[in-house]
Amino acid sequence: MHGRLKVKTTAEQQEAKRKEREKKLLLYTGATKKIFQKRTDGENDQEALNISGEILSANPDFYTLWNIRKEVLTHLINNEMSEDDLQSLQQTELHFLEQCLKVNPKSYGTWQHRCWVMDNLGTPNWNRELMLCNKFLEYDERNFHCWDYRRFVVARANVLPKDELAFTDQKIGTNFSNFSSWHYRTKLLPQVHPDENNQVGVQEEFLQKEFELVQNAFFTDPSDQSAWFYHRWLLGRGKRDLTIDLLYVNKQHNRIVITLSKPVQIGVDCTVTLKINQQTVEAAEWKSCSSTAYPCEVWTCNVGSYLTDNQCECLVSVAVDDNIRNVSVSETASEVWSKDLILPGTLFSLEMSAATNSVLTQELESCQQLAELEPDHKWTMLTIISLMKALDPLKYEQEMLEYFDTLIKVDPYRTNYYEDLRSKYLIENSIETLSPENRKIDLNGKNLTGIYHPEHLALCTHVDLSQNRISSLKNVNLIACVQELNLEGNQLSSVCDVEGLQFLQKINLKNNHIVEVDSLKSLTRCPQLLLVELGGNPVCDVSDFKRKMSELLPEVNWTV
């Protein structure tokens, strides 16, 4: 047996590793305790740098230690170090940081500390920092911490945006699956080829080239998400200015409703001035129709007897910042409104309007070609649906629904997402065809899973949402003028969001999942409510149901 190495058993190896870990842990905890004690004692010296360096070399994500290290370095800087000493300190710190990045190239604290060092220690060598970024991005081109640091360096070194754009060309040419490079282009293109009249801020000529580039990417690898997300950005998203879409005046109830083009907080994001017969109503208090404190599109104002006092014709004016809308209310009129007239199929097309119609058509044809090659590819189908919606949602509605059915089959894990998106598009199409004079909307049996864009239904008095799969009434209170609401045959267990519907007279809740009488409490805050239909709900079988309902809604008729 002489001369032969003794092989340790598995148990012995595990015990040796345990002892080694305990030894390292003792050293780590001891060093940590000591550095915090030195901070408490205000000892910002070289030893504090050494101890923090030992810990961070093993664990660069100990963020508090980077703050301690900044405190020590700041103390040393304030002690009037010479330029040479300061430069030497910078080089030492940068070398230390490179060692930490080798341990964890995605250490947030390390990259942030490097930014601080470059801004506070010595004379920076920005060219060297760019080379460092290039090196780390060769190792991992998706290291977004390094990309962030590169943008910091580029800003300090005054590198031209066109040079950075060329750098992204190089990275994308090496690998199409580089989301960081695609994202960086969204920041650079508006600087290199600006066009204020375009939604994405890029000249049409160069947008065309970007479409060609991104098409090469998703034809090469359709399954990679990076190019698809960039393609979505190229198509752009429209932005509406803040305007008054609807002004509604109900003289009988002395109530005014306005619908704005985007959600705001009145008094914070904008100011609203109400005038009746050229006289400002100083006491006008606008209340959001939403049950939350978040910005909202629909706002109401109760003006007391102000309108009924005007027995003759009166002029109501509402001004939101620089936008003004007027309505004239005659003596005999109980209500009047003014609403924007928008061509069918254009109300929601602003969601993708940066590209021209010809570009959108070309992109649709390209995606349809890819769909023929990859018939079950979800990103292609989703993009086709978006393009059809942007071009003509009413014309392509049936094709869009077929694509949704296919998406649910090929990607069942995202069924809920596709069904919600499908519901949203169907409601949008119904709203697109709704004329201002038609105050009834029928969304019966469309397999809807939610209520979308209720702000565009604010003028509707009769809303039929029966025989769908709606489980939440979130934001239904934005349908401010509704008088009859049909929710029969859905999946509702509560009606908490109906509170605040000032004109609601009848609500049909038959065949839902309402179990408790308490789930109907919100109905007590609908002052005009006359009838509630509840048949087919489990709540109807609750003991003492009739007494509880009579106590909850003593002035309201209800049926089972």
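Details of the structure are given in the entry above.
If you're wondering where the values come from, they're calculated on a predicted model, not measured in any experiment. (Residues numbered from 1 in each chain as written. Predicted model: local features only at pLDDT ≥ 70, side-chain atom pairs only at ≥ 80, totals over all residues. Heavy atoms only, no water.)

## Considering the overall build of the protein
To be explicit about the condition: We count a stretch as a helix when DSSP gives it H or I for four or more residues in a row; a strand needs E for two or more, and each element gets its number in order from the N terminus. Relative accessibility decides the category of a residue: with a 1.4 Å probe and only protein chains considered, values under 20% of the type maximum give buried, values over 50% give exposed, and everything between is partly exposed. Pairs of residues are marked as contacts when any of their non-hydrogen atoms sit within 4.5 Å. Accessible surface is estimated by sampling points in the Shrake-Rupley manner with a 1.4 Å probe; for residues, cover comes only from the protein chains shown. Lys and Arg are tallied as positive, Asp and Glu as negative. Neither His nor the chain termini are counted. Charged groups are reduced to one reference atom each: NZ for lysine, CZ for arginine, CG for aspartic acid, CD for glutamic acid.
Each helix and strand in the protein was counted, giving 16 helices and 15 strands. Counting only C-alpha atoms, the protein reaches 105 × 65 × 60 Å along its principal axes. Residue burial in the protein is summarised as follows: out of 560 residues, 47% are buried. The contacts in the protein between residues at least 6 apart in sequence include a share of 57% that link residues at least 24 apart. Of the roughly 28,700 Å² of accessible surface on the protein, a fraction of 48% belongs to carbon and sulfur atoms. Side-chain charges of the protein comprise 59 positive and 78 negative groups, with the mean position of each set lying 7 Å from the other.

## As for the side chain of arginine 255
Defined as follows: By definition here, a salt bridge exists when the distance from a side-chain nitrogen of Lys or Arg to a carboxyl oxygen of Asp or Glu is within 4 Å.
Secondary-structure assignment places arginine 255 in strand E2 (residues 255-264). The side chain of arginine 255 is buried and forms no salt bridge, while glutamate 285, the nearest opposite charge, is found at 10 Å.

## What to know about helix H9 (residues 179-192)
The cut-off we apply is this: A helix's residues, less one, multiplied by 1.5 Å, set its expected span. Bend angle per residue: angle between axes fitted to the 7 residues ending at that residue and the 7 residues starting there.
End to end, H9 covers 20 Å across 14 residues, agreeing with the expected 20 Å (1.5 Å per residue, within 8%). Taken as a whole, H9 carries its principal kink of about 30 degrees at threonine 186; the proline proline 190 stands between one and four residues after it. Within H9, the full set of buried residues consists of Ser180, Ser181, Trp182, Tyr184, Arg185, Thr186, Leu188 and Leu189.

## Re the sheet that holds strand E9 (residues 335-339)
Our working definition: DSSP calls a pair of strands paired once it identifies at least 2 bridges connecting them. Fitted lines through C-alpha atoms give the axes, limited to the stretch in contact for helices. The angle between two N-to-C directions lies from 0 to 180 degrees.
Spatial strand order, E5-E6-E2-E1-E9: five strands in an open sheet with antiparallel pairing. The two strands at the open ends of the sheet, each matched to only one other strand, are strand E5 (286-288) and E9. Each adjacent strand pair in this sheet contributes to an overall mean axis angle of 20 degrees, direction not counted. Two strands pair when backbone bridges link them, and strand E1 (residues 244-250) and E9 are joined in this way by five bridges, in the antiparallel orientation. Each residue of the ladder has a partner; that of leucine 246, found in E9, is lysine 339.

## Some words on the pairing of strand E6 (residues 296-302)
Extensive coverage of E6 is indicated by the burial of six of its seven residues. Here E2 pairs with E6 via six bridges, running antiparallel. Bridging from a neighbouring strand, arginine 255 pairs with asparagine 302 of E6. The pairing of E5 with E6 spans three bridges and is classified as antiparallel. In the sheet register, tryptophan 286 faces E6, and the bridge partner there is cysteine 301.

## Some points on the packing of aromatic side chains
Our working definition: Each Phe, Tyr or Trp ring (for Trp, its six-membered ring) is paired with any other whose centre lies within 6.5 Å, and the angle between the two planes then decides the class: stacked below 30 degrees, edge-to-face above 60, tilted in between.
Taken as a whole and judged by the stated rule, the model has 20 aromatic pairs. Here phenylalanine 36 and phenylalanine 62 contribute two aromatic rings whose centre-to-centre distance is 6.3 Å and whose plane-to-plane angle is 50 degrees, an arrangement assigned as tilted. Taken together, the residues span a long stretch of sequence, with phenylalanine 36 in helix H1 (residues 10-40) and phenylalanine 62 in the loop between helix H2 (46-58) and helix H3 (63-77) at a distance of 26 residues. With a relative accessible area of 29%, phenylalanine 36 lands in the partly exposed category. Relative to phenylalanine 136, the ring of tryptophan 111 lies with its centre 5.6 Å away and its plane at 80 degrees, an arrangement referred to as edge-to-face. Within this pair, whereas tryptophan 111 is found in helix H5 (residues 108-120), its partner phenylalanine 136 is found in helix H6 (residues 126-139), the two being separated by 25 residues in sequence. On the basis of relative accessible area, tryptophan 111 is assigned to the buried category, the value being 2%.

## Quick notes on the packing of helix H4 (residues 83-103) against H5
Note the threshold: Throughout this description, any angle smaller than 35 degrees is read as roughly parallel, any larger than 145 degrees as roughly antiparallel, any in the 65 to 115 degree range as roughly perpendicular, and the remainder as oblique. Handedness of a crossing is defined here by the sense of rotation of the near helix relative to the far one, left-handed for an anticlockwise turn of less than a right angle and right-handed for a clockwise turn. Throughout, the ten residues Ala, Val, Leu, Ile, Met, Phe, Trp, Tyr, Cys and Pro are labelled nonpolar, Asp, Glu, Lys and Arg are labelled charged, and all others, Gly among them, are labelled polar.
Where H4 contacts H5, the axes come no closer than 10 Å and their chain directions differ by 165 degrees. By the criterion of interaxial angle, the relationship of H4 to H5 is roughly antiparallel. Pair H4 / H5 crosses with left-handed handedness. Residues Gln90, Glu93, Leu94, Leu97, Glu98, Cys100 and Leu101 of H4 touch H5, and the partners they reach there are Thr110, Trp111, His113, Arg114, Val117 and Met118. When the residues that make up the contact of H4 with H5 are grouped by side-chain class, the tally is seven nonpolar, three polar and three charged.

## Brief notes about the environment of alanine 284
Position of alanine 284 among the secondary structure elements: in the loop between strand E4 (279-280) and E5. Here alanine 284 falls in the partly exposed class, since its relative accessible area comes to 23%. C-alpha separation for the pair alanine 284 and cysteine 367, spaced 83 residues apart in sequence, amounts to 53 Å. Aside from chain neighbours lying at most four places away, what touches alanine 284 is Leu274 and Cys301.

## A word on the sheet that holds strand E3 (residues 272-276)
Either a parallel or an antiparallel arrangement is found when strands of a sheet pair, and the pairing is made through backbone hydrogen bonds. Strand order in the open sheet formed by four strands is E4-E3-E7-E8, with antiparallel pairing between adjacent strands. Only two strands of the sheet have a single neighbouring strand rather than two, namely E4 and strand E8 (323-329). Bridging between E3 and strand E7 (residues 314-320) involves five bridges; their strand directions are antiparallel. In the strand pairing of E7, valine 272 is matched with valine 320.

## Looking at the pattern of salt bridges
Under the counting rule described, the total for this entry stands at 27 salt bridges. The partner of lysine 106 in a salt bridge is aspartate 140, with the nearest N and O atoms 3.3 Å apart. Highlighted residues: lysine 106 in the loop between H4 and H5 and aspartate 140 in the loop between H6 and helix H7 (144-157), separated in sequence by 34 residues. On the basis of relative accessible area, lysine 106 is assigned to the partly exposed category, the value being 39%. Where glutamate 533 meets lysine 506, a salt bridge forms, and the shortest distance between an N and an O atom there is 3.7 Å. Linking glutamate 533 in strand E14 (residues 531-533) with lysine 506 in strand E13 (residues 506-508), this pair joins segments that are 27 residues apart in sequence.

## Some details on the pairing of E7
With six of seven residues buried, E7 lies mostly within the body of the structure. As defined by bridge partners, E7 adjoins E8 across seven bridges and the pair is classed as antiparallel. Each residue of the ladder has a partner; that of leucine 315, found in E8, is serine 328. Once E7 ends, the chain turns through two residues before running back antiparallel as E8, passing aspartate 321 with a positive phi of about 55 degrees.

## Focus: the environment of cysteine 296
Here cysteine 296 is to be found in strand E6. Taking relative accessible area as the criterion, cysteine 296 reaches 1% and is therefore assigned buried. With 182 residues separating them along the chain, cysteine 296 and leucine 478 place their C-alpha atoms 8.7 Å apart. Discounting residues that sit within four places of it in the chain, cysteine 296 has contacts with Lys262, Pro263, Val264, Ser288, Cys289, Ser290 and Leu478.

## Structural notes on the state of the cysteines
Rule in force here: Put simply, a disulfide is two cysteine sulfurs that come within 2.5 Å.
As enumerated under the stated definition, the model contains zero disulfides in all. Left unpaired, cysteine 270 is separated from the closest cysteine sulfur, that of cysteine 296, by 11 Å. The cysteine cysteine 289 is free of any disulfide, with cysteine 296 supplying the nearest cysteine sulfur at 6.0 Å. Overall, cysteine 289 belongs to the buried group, its relative accessible area being 11%.

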